[in-house]
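Structure at a glance
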Amino acid sequence: MSAGPLVDKIDPFKRSPKKKPKKSQGSSRYHSGSEADLQPLPLLKDVPAGEQEELFIRKLRQCCLGFDFLDPVADLKGKEIKRASLTELVDYITAGRGVLTEPVYPEIIRTITSNLFRTLPPSDNPDFDPEEDDPTLEASWPHLQVIYLVYEFFLRFLESPDFQPGIGKKVIDQKFVLQLLELFDSEDPRERDFLKTVLHRIYGKFLGLRAFIRKQINNIFLRFIYETEHFNGVSELLEILGSIINGFALPLKLEHKQFLVKVLLPLHKVKCLSLYHAQLAYCVVQFLEKDPSLTEEVIRGLLKYWPKTCSQKEVMFLGEIEEILDVTEPAQFIKIQEPLFKQISRCVSSPHFQVAERALYLWNNEYVMSLIEENSAAIMPIMFPALYRISKEHWNQTIVALVYNVLKTFMEMNSKLFDELTATYKTERQKEKKKEKERDELWRKLAELEISHRRREPSAKTNATGGVALAKQSPPTLK
Amino acid sequence: MEVPMDVSGGKSSCPDVSVLMQSLQQALALEAKFQPKLQLPSTASNTGESGEITSAMRDGAAHVLRCLKVWYDLPSAVLLDALNMMDRFMSRMKARPKHLSCIAISSFHLAACQWVERVKKNSGETSSISGPLQVVPEPQDLVTISQCKCTAGDINRMEKIVEAKLACLPQEEPVTTLTFLNLYHALLSTTLPAALQPDLLILSCKLETICCDANYAAFPSSVLAFALLFVEMKCHQTAIEVISRDVLLELQRLAQVKDDMLNECVRMVSSVMAPYDGYAQSNPSHRQRLTWKLSRRTLKQLRPTEKLVNVLPTIEENRQFGQVQKRSRRSRLTPHKVRPVSPGAVLSTLPLPFPTKEDLTSFFDNFVAASPYSFRFLYGLEEESPSTA
């Protein structure tokens, strides 16, 4: 500071003598000064029809002004004017006909942009657990009221019978949509709900934007899966996608199939799956109803991402499997029955009772039962050993009772196969036990041999005989 | 658990033909005493408590016992003894359908106890006990697993009634079709080479299946066992060897089996075995109506899409979305496949498509079988609520 102006220019840390205005932490930017701008305007219904468009635009411009809602007493009059204006505009757009003239469109978009588009504040609670904690809502209620009014207004605008996509597409462009998508990360669930409906309508009406929107959603999801594992709007976006998938034309485009395999399936592996599993499962099932030939890929994908340490997720996966099986055609079922039931038999053997319970409960689904019945020769041998073993070993009595149900069902399905499997299982168990006994016997003999060998020659190496004997033994089999 | 091979009254497959012959004569002498004379109606004349037990009901109970036998790793002898006792009891007493499950389970328990006693006695005669000692399942456990709606106390009481009615002596082993089957098989193994001998385990399984059909009681045990042997050997030897044919004829003479009765029995056996050998499903009327109890935690989240209440309207590809659309409930929008409940299905099913938790809880709480196959006997009138884990 004491050096000359030359040094000042190159010193990056020199603070500007001017004090920077304090940046607002809330999402509303406040308008410095001029309350004079916000004069109360006459009501739209009070002016003649010819002047309504101009008044409408003036009101819209008024509503572009932001207020500092962190300070509850500042600009009370202005805030009230804005709020009342917005309420009036919502009604005006809903009731009126011919109010959406071409000049009005860019003004509306400007109002939306200035009110809604903002950088979302960083989370107050970085350890926010979406399942446990309540979402933090921004600033204060009056501010939210305004925000929601703006959304409501936007929605009515899009849904108005007078809305013309031809004019709208000049102002609702890719840049707008991109900013809209970023807002989906808001922590406010009501805001996300509005955004969901808004984006749904935009997608519906602007065919030219559809590919772009899909691509951007893909990007968001992929970033979520592979980089951040954090995004608050996954379930809302999936809900929109559900309605899109439902409307796919047949035959399905390759792009859509790739989306299923490269985006929807990997979404299953994220830790916070429970937040959006309902919507995700819905999307997957919709895909399969559209194109059943995708069943094999879907099930193999789920098996690939099958949770190995999180039991709650396993229960969710099993629920999804049942929903998928409900829409699986018999020809598709045959392709995946073996790997699927191998996984199910592992689930049934799980020491976590909820996983075992959910897996066993599949047998109470009549359609799944009919699929199993048709293919009992392939499925029973896979399930039988696990079931038989659990009937004797499981700690939970509810599980044991369910296992009885399944075994009884199998017996009724195919008695002969059931008897054969019982006999095979018993003989194999006997063989195993015999082997175990032999192995124990061998180790015992080895131990004795070693002791006697050591006694005779304490200095000599004891490994020689042991090494030879070990080579003779068959390698232990993994259970 | 390992179970030693079927041991019927200590008669092992020792090749002493004279001993076997003697046992056969003794068995034939006692045959009539242990012969059930089932006279069950084939259809229910009047359902409900005052109705009669039909043969279909009896068969259903027999299949439950068969499953329990596998469940508890018990030998065929226990099952056949149990069926024998149950059938003899029902030959003498006109029981009501609601008691059938109790009768069946008590007979099973009784048979298991008697069998264990015999094994203990026999192994007591020899110095070493091979394999783990068989444990008789507890009545409470039997009641829970088989889902019959009676208590352990009921089982104990019924057991005493059955014992008294049949005048069972504890040491006396009932002479059942299995007794004869074992004897015949032992006799065959003394004369036939091993290649021609039928497998006893497979035969026992088939015998169990036959005895689960009420028609078996129309024939004497000795005839039935022989008929099964006959059918089995004939099926498995495309050109029946001269040796085995002669041996069979000799056996038939020893067992005093008449030709006409044998033919009739063979017909019955073939008709029962045909679906079994064809890996077919069992008769729907024999299927047990099962209760599926779940913990509340699992009931809350059965299917992921249950949580979806409102779904956004469909956006058709290549077409613009309509002007005014209301959000609608899922069931109207998604063409979800609703599968009709087939009339013959006796398996317990959930109401379709997506029941709420309240639906499920009340469904399980108020479960009463209303099936035309009258399986209420297995479920009585008590209500059970789903257990909490």
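About the thresholds
Residues numbered from 1 in each chain as written. Chains lettered and ligands numbered in written order. Predicted model: local features only at pLDDT ≥ 70, side-chain atom pairs only at ≥ 80, totals over all residues. Heavy atoms only, no water. Helix = DSSP H or I, 4+ residues; strand = E, 2+ residues; numbered from the N terminus. Buried < 20%, exposed > 50% of the residue type's maximum accessible area, 1.4 Å probe, protein only. Contact = heavy atoms within 4.5 Å. Areas by Shrake-Rupley, 256 points an atom, 1.4 Å probe, with all protein chains shown as cover. pLDDT = per-residue confidence, 0-100. Polar contact = N/O pair within 3.5 Å; in protein donor to acceptor, adjacent residues only side chain to side chain. Buried area = accessible area lost by both parts, 1.4 Å probe. Salt bridge = Lys/Arg side-chain N within 4 Å of Asp/Glu carboxyl O. Core = buried A, V, L, I, M, F, W, Y, C linked by side-chain atoms within 4.5 Å. Disulfide = S-S within 2.5 Å. Phe/Tyr/Trp six-rings, centres within 6.5 Å; stacked < 30°, edge-to-face > 60°. Lys NZ or Arg CZ within 6 Å of the ring centre and 35° of its normal. Axes fitted to C-alpha atoms, helices over the stretch in contact; angles between N-to-C directions. Parallel < 35°, antiparallel > 145°, perpendicular 65-115°, else oblique. Left-handed = near helix turned anticlockwise from the far one by under 90°. Nonpolar A, V, L, I, M, F, W, Y, C, P; charged D, E, K, R; others polar.

Let's talk about the overall build of chain A
Regarding its fold elements, chain A presents 21 helices and zero strands. Within chain A, the fraction of its 479 residues that count as buried is 51%. Across chain A, contacts joining residues at least 24 apart in sequence account for 73% of those joining residues at least 6 apart. Carbon and sulfur atoms form 55% of the exposed surface of chain A, whose accessible area is close to 23,700 Å².

Examining the confidence of the model for chain B
All names here are of chain B. Model confidence for chain B is summarised by a mean pLDDT of 76, while 71% of its residues fall at 70 or above. In the model, residues 1-13 has pLDDT below 50 throughout and makes 25 contacts with residues more than four positions away in sequence or in other chains. Here residues 127-132 scores under 50 on pLDDT; set against residues more than four positions off or in separate chains, the count is three contacts. The complex model carries a pTM of 0.79, and its ipTM stands at 0.78.

Some remarks on the environment of A:Lys253
Note on placement: A:Lys253 falls in the loop between helix 10 (234-246) and helix 11 (254-264). On the accessibility criterion, A:Lys253 (40% relative accessible area) is partly exposed. Sequence-distant contacts of A:Lys253, defined by excluding residues within four places in its chain, comprise B:Glu317 and B:Asn318. Polar side-chain contacts of A:Lys253 include one of 2.8 Å to the side chain of B:Glu317.

So, the interface of chain A and chain B
Across the contact, 82 residues belong to chain A and 74 residues belong to chain B. When chain A packs against chain B, close to 6,900 Å² is buried across both sides, 53% of that on carbon and sulfur atoms. Of all residues in chain A, A:Tyr361, A:Tyr404 and A:Glu412 give up the largest surface area on contact with chain B, accounting jointly for 11% of the area buried on that side. Here B:Asp277 and A:Lys416 are joined by a salt bridge, their closest N and O atoms 3.3 Å apart. Connecting chain A to chain B are 35 residue pairs in polar contact (both at pLDDT 80 or more).

Topic: helix 5 (residues 139-146) of chain B
Because each turn of an α-helix spans 3.6 residues, side chains separated by three or four positions in sequence point in the same direction. Within the span of helix 5 of chain B, buried status applies to B:Pro139, B:Leu142, B:Val143, B:Ile145 and B:Ser146. At the C-terminal side of helix 5 of chain B, B:Gln147 shows a positive phi close to 60 degrees.

Things to note about the nonpolar core
Taken as a class, soluble globular proteins show a tendency for nonpolar side chains to be buried jointly. The biggest cluster of nonpolar side chains holds 246 residues, and the ones touching the most others in it are A:Ile172, A:Ile202 and A:Trp363. Looking at this core element by element, the count peaks at twelve residues for helix 5 (residues 141-159) of chain A. Not counting chain neighbours up to four residues away, the residues in contact with A:Trp363 comprise A:Phe341, A:Ile344, A:Met369, A:Ile372, A:Met383, A:Val406, A:Phe410 and B:Trp292.

Side note on the state of the cysteines
Tallying each qualifying case throughout the model produces zero disulfides over all chains. A:Cys283 forms no disulfide, and the closest cysteine sulfur to it belongs to A:Cys272, at a distance of 16 Å. With a relative accessible area of 0%, A:Cys283 lands in the buried category. Take B:Cys67: it sits in no disulfide, and the sulfur closest to it among the cysteines is that of B:Cys212, at 11 Å.

A short note on the packing of aromatic side chains
Each aromatic ring pair is specified by the distance between its two centres and by the angle formed by the two planes. Residues and elements named next belong to chain A. Tallying each qualifying case throughout the model produces 26 aromatic pairs over all chains. With centroids separated by 6.0 Å and ring planes inclined at 85 degrees, the aromatic side chains of tryptophan 363 and phenylalanine 410 adopt a geometry described as edge-to-face. With tryptophan 363 in the loop between helix 16 (353-361) and helix 17 (366-374) and phenylalanine 410 in helix 19 (residues 397-413), this residue pair connects regions lying 47 residues apart in the sequence. On the basis of relative accessibility, which here comes to 2%, the residue tryptophan 363 falls in the buried class. Of the aromatic side chains, those joined through ring pairs into one cluster are Tyr105, Phe117, Phe154, Phe157, Phe163, Phe176 and Phe206. Over the ring of tyrosine 148 we find arginine 190, and its NZ or CZ is 4.6 Å from the ring centre. Its end group placed over the ring of tyrosine 388, lysine 392 keeps NZ or CZ at 4.7 Å from the ring centre.

What about the environment of A:Glu191?
All names here are of chain A. Residue placement: glutamate 191 occurs in helix 8 (residues 189-205). Glutamate 191 gets classed as buried once you look at its relative accessible area, which sits at 2%. Considering only alpha carbons, one finds glutamate 191 and arginine 97, 94 residues apart in sequence, at a separation of 28 Å.

A look at the packing of helix 3 (residues 76-92) of chain B against helix 8 (residues 200-211) of chain B
Residues and elements named next belong to chain B. At a closest axis distance of 10 Å, the pairing of helix 3 and helix 8 adopts a crossing angle of 20 degrees. Comparing the axis directions of helix 3 and helix 8 gives the class roughly parallel. Judged by the twist between their axes, the crossing of helix 3 over helix 8 is left-handed. Side by side, helix 3 and helix 8 meet where Ser76, Leu79, Leu80 and Leu83 of the first sit next to Ser204, Leu207, Glu208 and Cys211 of the second. For the contact of helix 3 with helix 8, a count of residues per class yields five nonpolar, two polar and one charged.

Some words on unusual backbone geometry
Glycine aside, the phi torsion of most residues is negative, and most peptide linkages are trans. Going from A:Leu250 to A:Pro251, the amide bond is cis rather than trans, its omega being -5 degrees. Along the chain, A:Pro251 falls in the loop between helix 10 and helix 11. You will see that B:Asp73, though not glycine, has its phi angle at about 60 degrees, which is positive. Residue placement: B:Asp73 occurs in the loop between helix 2 (55-71) and helix 3. According to the relative accessible area criterion, B:Asp73 is buried, its value standing at 3%.

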